[in-house]
Amino acid sequence: MKYLDEFSNPELAARLLDDIRATVTRPWALMEVCGGQTHSIIRHGIDQLLPEGVEMIHGPGCPVCVTPLEIIDKALAIAEHPDVIFCSFGDMLRVPGSGRDLFAVKGAGGDVRVVYSPLDALTIAQQNPDKQVVFFGIGFETTAPANAMTVFEARRLGIANFSLLVSHVLVPPAIAAIMESPSCRVQGFLAAGHVCSVMGTGEYPPLAERYRVPIVVTGFEPLDILEGIRRSVRQLEEGRHEVENAYPRAVRAEGNPAAMAMLRDVFEVTDRTWRGIGMIPGSGWKLSQRYADFDAELRFDVAGIRTEESARCRSGEVLQGLVKPHECPLFGTECTPRNPHGATMVSSEGACAAYYTYRRLDLLDA
Ligand code: SF4
């Protein structure tokens, strides 16, 4: 398939690996920010092909994983309202809140629907004027523009029975929080290419400078990942800490100005709690005052719901790269993708789920 096959070419991958091996003289720890990159690294065994001492730490960039339990519980409370049609992407339906998930609400008679775009939810709202239609808007800077556009359209068209349950999170504050952690081991970052295709690269030079880490904007196919690693270790070996764009087929330095203008109009920065990590100041978006009428948390009075995370799950440490998934005692036994105990097992992009799916169960016996 064009734009995919050529980025999985084994001969080119071998050449990149040779270059990495020839460059590396000492151990380095790199973090891939995005869950899609984690999935690709584990699926293709890239971490096992790297020279000894080059370690990939799996970052907090899986949007489903970092959506706080509290927001899931709010979604459940809203979805069980008899006059609500609750719309979501499919991957959120099986994410457990405190004891149940959206599938359970659907099974009990709730009108929970999978949609493929937030604009589909807006159409459902137009078709059902006697119902309240809520879209579950989660994710990073990548999914936020479509959600912002939908709220903008709802206001423009006067569709008052639509609202958004928002839990958007932002990558740069998460990088800062990781680097500020006293136990941080990360020496370089593969930044998430799709986030930068929206936001550009302008937010990263101050981070690279402040924390003296290379940040390489990286794509998702095997060659993309290897090129991101190659550029990162080269910088580290040469004592540089710069921002490089290794994903130019999708990312421009200025990002997508139209999407950024829409985001500035509809959202404003807020403190966000990240599942497994905790509160990171200024790390998310909420609807701005101009669009507060479309805020489902306010419309359904669920803002007061508070939820505690499982004390046994170590996903917070996994998300910060302090432990690998198979080092958690629950991994593959009590905690599996069918029965996830924590953030990083609930989505296929989560590090625990990726380890479970792609062979890392055997590490328990190692
Ligand atoms: S294996 Fe399960 S319980 Fe352990 S850290 Fe991962 S998600 Fe949490």
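Owing to the predicted nature of the structure, the values given are computational and were not obtained by experimental measurement. (Residues numbered from 1 in each chain as written. Predicted model: local features only at pLDDT ≥ 70, side-chain atom pairs only at ≥ 80, totals over all residues. Heavy atoms only, no water.)

### Thoughts on the overall build of the chain
Within the chain, the regular secondary structure consists of 16 helices and 11 strands. Here the chain has a C-alpha radius of gyration of 21 Å; the compact-globule value for 366 residues is 21 Å, and the two agree. Its C-alpha atoms give the chain principal-axis dimensions of about 65 × 45 × 45 Å. Counting contacts in the chain only where the partners sit at least 6 residues apart, residues at least 24 apart contribute 78% of the total. Element-wise, carbon and sulfur atoms account for 52% of the exposed surface of the chain, whose accessible area totals about 15500 Å². Charge-centre separation for the chain: the mean point of 35 positive side chains lies 1 Å from the mean point of 46 negative side chains. (Helix = DSSP H or I, 4+ residues; strand = E, 2+ residues; numbered from the N terminus. Rg over C-alpha atoms; globule rule 2.2 N^0.38 Å. Contact = heavy atoms within 4.5 Å. Areas by Shrake-Rupley, 256 points an atom, 1.4 Å probe, with all protein chains shown as cover. Lys, Arg positive; Asp, Glu negative; His and termini not counted. Charge placed at Lys NZ, Arg CZ, Asp CG, Glu CD.)

### Describing the pairing of strand β5 (residues 132-139)
Summarising burial for β5: eight of the eight residues are buried, a large majority. Side chains Q132, V134, F136 and I138 of β5 all project onto a buried face; the interleaved residues V133, F135, G137 and G139 project onto the opposite face, where all are buried too. Where strand β3 (residues 84-88) lies against β5, four bridges are found, and the strand directions are parallel. Across the sheet, residue V84 finds its bridge partner in β5, namely Q132. Taken together, the seven bridges between β5 and strand β6 (residues 162-169) define a ladder with parallel strand orientation. Considered in β6, the bridge of F135 is made with L164. A crossover links β5 with its parallel partner β6, the connecting element being helix α8 (residues 144-157), and its sense is right-handed. (Buried < 20%, exposed > 50% of the residue type's maximum accessible area, 1.4 Å probe, protein only. Pairing = 2+ DSSP bridges. Right-handed = clockwise from strand over helix to strand, strands pointing away.)

### So, the site of the ligand
Lining the immediate surroundings of the ligand are C313, R314, S315, C328, L330, F331, C335, H341, G342, T344, M345 and C352. For the shell around the ligand, a count of residues per class yields seven nonpolar, four polar and one charged. (Near = heavy atom within 4 Å. Nonpolar A, V, L, I, M, F, W, Y, C, P; charged D, E, K, R; others polar.)

### Topic: the environment of V134
By the element assignment, V134 lies in strand β5. When its relative accessible area of 0% is taken as the criterion, V134 is described as buried. Between the C-alpha atom of V134 and that of I124, which follows or precedes it by 10 residues, the distance is 9.8 Å. Setting aside anything within four residues of it in sequence, one finds V134 in contact with I78, V84, I85, F86, C87, S163, L165, A296 and F300.

### Brief notes about the nonpolar core
Counting 63 residues, the largest nonpolar core has F162, F189, F267 and L287 as the members making the most contacts within it. If one sorts the elements of this core by residue count, helix α9 (residues 171-180) sits on top with six residues. Those residues within four positions of F189 in sequence are excluded, and the remaining contacts are M31, V33, I175, I178, M179, V213, P214, I215, V216 and S232. Ranked by size, the runner-up nonpolar core spans 33 residues in total, among them A13, V318, V323 and A353. (Core = buried A, V, L, I, M, F, W, Y, C linked by side-chain atoms within 4.5 Å.)

### Focus: helix α7 (residues 118-127)
The set of residues buried in α7 consists of P118, A121, L122, I124 and A125. The buried residues of α7 occupy one face: seen down the axis, they fall within an arc of 160°. Looking at the buried side of α7, the elements it contacts are β3, β4 (111-114), β5, α8 and β6. For α7, the N-terminal cap is S117; the gap from its side-chain oxygen to the backbone nitrogen of L119 is 3.0 Å. (Arc of directions from axis to C-beta. Polar contact = N/O pair within 3.5 Å; in protein donor to acceptor, adjacent residues only side chain to side chain.)

### Some thoughts on the side chain of T336
Mapped onto the secondary structure, T336 falls in the loop between α15 (315-319) and α16 (351-357). With near-sequence residues (within four places) excluded, T336 lies in contact with M345 and Y356.

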